[in-house]
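Below are the chains, spelled out letter by letter.
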Amino acid sequence: DSPVERLVRFLHEYGVVAMRRADVVAAGTSGGAGVLGHLAASWFCTQTHAFAVPDPTCGGFRSFVTDTDAWSSAACDTVLSANVPFPARHIFGTERDMMFNVVKSSAVSIDLSASTSPISVDEIELAESRSLVSFTGSRGLEEIGVLALCMCPKLKCIDLLPCGGLRRIRERAFAGCKSLQAVHWP
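These figures come from a predicted structure and were not determined experimentally.

J.: I tried to follow the environment of Gly-60 on my own but got confused; where do I start?
T.: Looking at the secondary structure, you find Gly-60 in strand E3 (residues 60-65). A relative accessible area of 21% means that Gly-60 is categorised as partly exposed. Once residues within four sequence positions are removed from consideration, Gly-60 is found in contact with Val-53, Pro-54 and Asp-55.

Right, dumping it as structure tokens:
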């Protein structure tokens, strides 16, 4: 399926999709999925294989990638994949992910809740992530390794509610996370 179809499917699977009336009128359709698809298609750039989504908070754009193999730039704002070989601020796992691999230095939020495959957060995998603020585990997450999320100075929330298969959290997995305010258990 196309990047536009993947984005629309992800948005519908992730939750409620709301659109401004002006975008519906600009799309020239009567409503429904056609409007969202039309709007997503207008954001897609075939040269970079990314979506340039308008950001009203700064007047600029945020890059959004659905296909990490086709991405042709060095960094990105948001990615729909748990396998991200380049810096990205926001990472959302999908049901297609078979592995977890991120550039930890840039991730602000990691949400693997849509991932169904067995994914483990190995020993020291996200340790010392300087930017990480939130981490949400996947349904397939079975184990969090030794020191896996330790020494993340900005980490405030670890959400393990989606992790019905979580069987083990190893020693000092969250040690030294001085900003940690909440861990939500399954």
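J.: Where do I start with the pattern of salt bridges in this structure?
T.: Summed over all chains, the structure comprises four salt bridges. Among the ionic pairs, Arg-62 bridges to Asp-77, the shortest N-O distance being 3.2 Å. Taken together, the residues span a long stretch of sequence, with Arg-62 in strand E3 and Asp-77 in strand E4 (residues 76-80) at a distance of 15 residues. Relative accessible area serves as the criterion here: at 33%, Arg-62 is assigned to the partly exposed category. Note that Asp-77 and Arg-89 form a salt bridge whose closest N and O atoms lie 3.1 Å from each other. Here Asp-77 is found in strand E4, whereas its partner Arg-89 is found in strand E5 (residues 88-92), with twelve residues between them in sequence. Salt bridges here are not isolated pairs; linked through shared partners, they connect Arg-62, Asp-77 and Arg-89.

What counts and what doesn't
- Residues numbered from 1 in each chain as written.
- Predicted model: local features only at pLDDT ≥ 70, side-chain atom pairs only at ≥ 80, totals over all residues.
- Heavy atoms only, no water.
- Helix = DSSP H or I, 4+ residues; strand = E, 2+ residues; numbered from the N terminus.
- Buried < 20%, exposed > 50% of the residue type's maximum accessible area, 1.4 Å probe, protein only.
- Contact = heavy atoms within 4.5 Å.
- Salt bridge = Lys/Arg side-chain N within 4 Å of Asp/Glu carboxyl O.

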